[in-house]
Structures are given as structure tokens and as C-alpha cells.
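Summary of structural features
Residues per chain, in single letters:
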Amino acid sequence: MPSSLPVPTPSSLTVSRRTVLAGAAAATAVTALPGFPGTAHAAAAAGPAAQAAAHAESAAGSGAASTPYRWRTAVIGGTGFITGVLFHPAVRGLAYARTDIGGAYRWDARAARWVPLTDHLGWDDWNLLGVEAIAVDRAHPDRLYLALGTYSQPWAGNGAVLRSEDRGATWSRTDLTVKLGANEDGRGTGERLLVDPRGSDTLWLGTRHDGLLKSTDRGATWAPATGFPAEPSATGQGVTFLVAAGRTVYAGWGDGGATLLRSTATGWEPVPGRPTGPAAKVPIRAAYDACARELYVTYADAPGPNGQTTGSVHKLHTVTGRWTEVTPVRPGGTTADGGADTFGYGGVAVDARRPGTVVVSTNNRWADVDTLFRSTDGGAHWTSLKDTAVFDVSETPFLKWGEEHPKFGWWIQALALDPFDAKHLLYGTGATLYATPDLTHWSPRVRGLEESAVRQLISPPVGTAHLISGLGDIGVMYHDSLTASPSDGMATRPVFGSATGLAQAALRPDHVVRTGWGDHGNGAYSTDGGRTWAPFSAQPPIAKDAPGPIALGADATALLWSFVHWDGTRHATHRSTDNGATWTEVSSFPKGATPVADPADPTLFYAYDTDTGNVYVSTDSGVSFTVGATGLPAGDTQFRIAAAPGRRGHLWLSAKWNGLYRSTDAGRTFTEVTSCWASYALGFGRAAEPGGYPAIYQTGATADVVGVYRSDDEGASWTRINDDAHQWGWTGEVITGDPRLYGRVYLGTNGRGVQYGDIA
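An account of the accompanying structure is given in this report. Position numbers for residues start from 1 in each chain and track the written sequence from start to end. Reporting of local features is limited, given that this is a predicted model, to residues whose pLDDT is at least 70; pairs of side-chain atoms are given and counted only at 80 or more, and all residues count toward the totals for whole chains, interfaces and linings. Side-chain metrics rest on all non-hydrogen atoms present in the structure, leaving aside hydrogens and water.

**Focus on the sheet that holds strand β36 (residues 454–458)**
Any two strands with at least two DSSP-identified bridges between them are counted as paired. Counting from the N terminus, the helices are DSSP H or I runs at least four residues long and the strands are E runs at least two residues long. Read from one edge to the other, the open sheet built from 3 strands follows the order β36-β37-β38, with strand pairing classed as antiparallel. In this open sheet, the two strands that pair with only one neighbour each are β36 and β38 (475–479). On average, each strand axis in the sheet is tilted by 20 degrees relative to the strand beside it, whichever way the strands run. For strand β37 (residues 467–471) and β38, the ladder comprises 5 bridges, and the chain directions are antiparallel. When the bridges of β38 are listed, I468 appears paired with Y478. Angular values range over 0 to 180 degrees, each being the angle between N-to-C directions of two axes fitted as lines to C-alpha atoms, with helices fitted over their stretch in contact.

Here you go:
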């Protein structure tokens, strides 16, 4: 596993999202993001608007019309790291949730589901789908503020603050001059955004590398706060939380020195007597018990969610200044099986009506599994809620992870206690959000909240499921329904973390194969259309360290498995003709390329060498490959080939802003499709007329808007089928139509799951 984000190149921006996969293992979901040179908000030649202008002449006369579509989210349930949950302190039933890459949500108590609030953010704003912090205004319940920005790296755009007067139904936006990091280490710490308790016009925003910012006009403009003594670092955590205690604001500081600061009449000062040492190195979260006038602070030796080995819990009496350690269990003990019980502390929540009632979470506790501790006497005594927990995950069966029972959780840093109901408690994990009405019975509270990063999509031509998905972090799903989480959970035998390959035999659709990261094998095949699986009985040794994409011949005879390490290192592709029992190296296949099977001719396979811009063709079922077309766009691993179903040798090459190309002679020659100037992902669905050419769907651009398009005339013209309210940030990984339903399209997002659309 990588311990840090890889540095991108302008042509292939690649970052990592790490979530626990199975058991005590963690693996990497490498998420490819748009490779525009420069920042996400570039308005000059680096961005798509300028690219559109350069292609205006070729796009003239072929501008896309728009067709009304109804968009919905395929239900899986949660599927990602919930980094924050916030109840409004004055309105019963009003709550908000934030995620690391999938935007923000508002809880609709009447409908009992989460409502997405940031789906309107489009292609150029992909970096704003990560939510660093949420703030509400106690005195003005309809006001809502979001601090957005997924990465603080040089290649990412600056952050932004969204402001709403109607609970997120509409927004005003202020672009910041600094970067935020909602999908970086420390993303599960407290809210870094706060409405000042002394006046609603003043807001505070804690940043990672640029200190503390202040706004005096309700977030419309921002400037550095004067008198804030902590020195920002280009590589540190900066402000880890902002919490109001009466009329005083407390700030956690994650870069050493004064780890807790508070506002004064003239500025800011370090809080005296604060705890020190490795177990109190980084303040993670804080919660204020107004009845007892005590501020509870959780600590760890690292910001998390990974890498924590020790931690503690302390409380400060804000009137007397007295500190008391109230750590439930000190990390570092020995488990029953002899393991080291290392962990930190994460979430903290207090009962708004009962002084001394507080809940805290452990984090990164793998040996003895994370838990919540609850106290009703100010931390003098604690009870582990894990010990009496009864789980019902029938609404989202994948949470069992192939086991008989689900885990209590991991990456527990988001924790919220309903201010109107002392037993209504929520906590986030790396895969879901759990809730309880009685502190004993727990179930996922995730209706409407979908955060998966989608890697592969198949829409089978026959069978119960209209969709099979390959996902980051949670493997492969067989969607027997689009309106309920897959009833069988994630694919097992073996369980994967992130899927890296998914393919179906076009002429024998009952045969499906999948590959991915896993602890008990990296490939499997199915002979019932993807419902049940059997592991490959053997695999090349490189597979466990570099499982890459896979292709399955049209008649299900030949498999081609490419191997690419998470760091980009490429290895030789291997071939099998016995469902993975034996493998032979294919030396003539370009290393690391994605194999593509012809859907009409079992003897034909293709590969696109993105280093050279050459297409490789096999006419002997993948035994050997020779060069076909040459001189095509090169230099980006996200350039890809798609083969049209039912058409021998019909290939479509998506080359991002280099355009779209087409071959009708099995890859020997290609011609440019001039009706669009950009193509990122492309797939096919049922034709508009019986016997006609398959409908083509793509994420691309015909003029100045990158959107989702459909063509019913082999790419001669395009119709935009999404709208400005349904954009979902970056959508350039995968798209496919439904071979049984004309107009149905499935779109993979990077943090908002599978979106599917139908003609309205």
C-alpha cells in the first residue's frame, strides 16, 4: 500500500483513496482524475473551455441538442468513508453528513433518507466533491456552509466555500485562494468551519497549510485571521477542528507546539495546561458539554484515519482551567490472542441535555476492533457499546464482507449524538453510517447516500441483473435490483477490495470474469452471469501485487490478464484457456495495456499502447499480437478503446481532449469523429431502431460543456442527456448503455456511485 499520494503528471492525474477492504487488510483504490494541465478552474488553454474554443470550427453545426432525462442512483448503500455528521442544535431531525470524495448530504427526516447537496458541481469542479467541513448557524437554521476541496497538492485547484440560505437547496459560492484536503490524512478530524457564537456574520475556517481564515460577511469574503499564533506548515495538518464553548472558540492545531488554542477579546492564545506526549500529539475532535462547562478533546499520535498507534481523551473545565484525563482504555495493551492493542481516539459527542454524558470512539484499532465508549459520569467510568451491539445490515448486505457477521466498524472518526434524543447515536465508518435508537440495536442509516468510486460497468444482455459493477474499495456487485442494495452483497470467492477488471463473454453472457485486490486470490470466474463465483485455481505470481484489467473472449474460451502495479509499473500480460487453471505469458502484448475482446469474433483481441499511440491486434485468440494502426494520440494511460457489440472489428478510441476516433476494420485504420472534440469514456446500449447501430453513450464534449451524451447515428451527432443539476464532478472512468432498454445509461462516478438515466 502507498503511504502517500503519488505525484501526478499533467497528462495523467492519479491519486489514491484508501479504505479498509476486508478483515484487517487495507488496500488502495487508485482513482484516475481528469488530466487537464494546470488547475481545475483554469480558464485559459489548460481547461476545457479553451479546448472547446480551439475546436469551435469542427464543432460548428454539430452542437448537441438536449433531451430530458430522469437520473437516479443505483442503490448499494454508503460504500465510502463518512468523515463527518452534524446535527443542527436547534432543529429536531435536521442533520448533515460530509464525505471525503462524494460531496455533502442533508437528512430528510420525513422521507428518512439523505439528500445529495453537491451533485451540481461539474467537470471543472471535480476537486470540490470532497467536503472538508460543514457549519450550521444555531440562530438561523436555514443557513448552511460547506468548505470544499479534495486535495491540497500543487496539481489540485483551490478550495471554495458554498453558502446557502435554504439548507442547501441553492448556493452562493466563494472561491478561496488556498487549498483544502478533504481526501487527505486528517480528513476525519473535526469541523474546520464554524459560525462564531458571538455573531452570525462572522465565520472561521481552519486550513491545513494556510492558518486560520476569517470572514465577517457570512462567508462571502475571507482573509487571514489576525493574532492567530500558530505557524502554518506546507506539509502539516494545520487546524484540525473549531468548536464553540459558550462565547469562546477553541481551535485544535495538528502541527505541534500549542495543540489547543482559544479566542480572546483581542485575538488568540494557547490553552494552559494542555496535555502533552505522544498520546496527545494531535487533537482529533472536541465537543463541549454546556451543562457541565467541560470541553472534551480526543487525541492520537497521528491525524488518521490510518497510522494511529496511541491516543487519549481529556476534558477541560472551561471556567477553572482544570484538565482531567478521562481515557477509557489506554492503547498499547495485549489482546487475548497476543496481539498489540494499538489505536488512537477519534470521534466525541456529548448529550446536550444531560451533563456528563459523553461518547468517544477508538480509531485504527485492528487487533481488538474499534468501539464506542459511553460515560454518564463525565468520563469516570465507561461502557463499550460494541459489547452489547446487535446489528441488522439486511438493507446493505455487503457490509458482512463475505463473513457471517459485520464488523462494528473501522475508521470511526465521525460521531454524532442527537441533541433531542440521548439514545439516538450515529457513527461513520470507512464504508457506512450506523445509527441506533436505543444504544443497542444498530443498522445502516444510508438511504440516499452513495459514495462508491466506480471502476467498471457491465449491462448484461440477459439475466436478472441489468447491471454488474466493479468498484473501488468494495469489489464487485451483482445488481439484481437498482432500487435496493444487491441481495447477495459483494462478490465472494474471493472477496476483493478494489476491482481492477470485469468482463463478460459477448456470445456466452453467462460467463463473466473479475480481477482485483484481495488477500485470498485476485481473480475469479462465473458461469451464471456473475451471480456466483469460483476463484481462479492458479494465477501468475505477479497477480497479488499488480492485478490489472482482464478481457474474456466472445466465446469465453480465452482470458487475457494484464498486470499493473498501483505505482504504475507494468508487467507482462498472461493468457489462460481453462478458466485460470494455467497461464502463459503473451510477450507480444504491450505491457500494462488494457486488453479488449471483439464482441463478435472470438479470434480477435485488441490493445492500445498509450505510450506509442499504436493499436495491437490479435487474430489467434490472444496468442500473439501485431501492430495495426499507428500514430494515434499517445501519452495518457486513460486513453481507451471500446468495441461495439454485434459488430466485428468496430472500435472506438476515446482520447480525452484529443478527440474520438473510429475503426471499422478491426484496428487497422482509424478516422477522427469530428462531431465532438473530447471523449473520455464511451459505451453502447440498445439501438434506437431494431437492427440499427447500437446507441453510443459518452462522457465528452461537443462544444464548451463536458457532459453525458448519446448518439443514435454512429457518432454523426450528439444529444446531451444530463443537465446542470446532475453533473457529479468527474465522470471520465466508465459509462455503458443497457442492451435491453433503449435510452437507459449507466454512468460511473468518482464518489457518487452509479448514476443511471432514462428518457423522461
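The structure having been displayed, the exposition proceeds.
**Observations concerning the pairing of strand β18 (residues 248–253)**
Along a regular strand, successive side chains alternate from one face of the sheet to the other. Counting buried positions along β18 yields 5 of 6 residues, so the element is predominantly enclosed. In this structure, strand β17 (residues 239–245) lies alongside β18, joined through 6 bridges in antiparallel fashion. Counted as the bridge partner of F241 is G252 from β18. Connecting β17 to the next strand, β18, in antiparallel fashion are 2 residues, including G246 with a positive phi near 65 degrees. Inspection of the sheet shows β18 paired to strand β19 (residues 260–263) by 3 bridges, in the antiparallel sense. Across the sheet, A251 pairs through a bridge with L261, a residue of β19. Three labels apply to residues, based on accessible area from a 1.4 Å probe with only protein chains included: buried if under 20% of the type maximum, exposed if over 50%, partly exposed otherwise in between.

**Describing the pattern of salt bridges**
Salt bridge, as used here, is a side-chain nitrogen of Lys or Arg placed within 4 Å of a carboxyl oxygen of Asp or Glu. Across all of its chains, the model carries 31 salt bridges by this definition. A salt bridge links E269 to R262; the shortest N-O distance between them is 2.8 Å. E269 sits in the partly exposed class, given a relative accessible area of 28%. One salt bridge connects E395 with R447, and the closest N-O pair in it is separated by 2.8 Å. A residue pair is termed long-range when its members are at least 10 positions apart, and E395 in the loop between β31 (390–391) and β32 (415–417) and R447 in the loop between β35 (441–444) and β36 qualify at 52 residues. Three or more residues are tied together by salt bridges with common partners; here these are D137, R143, E165, D201 and R218.

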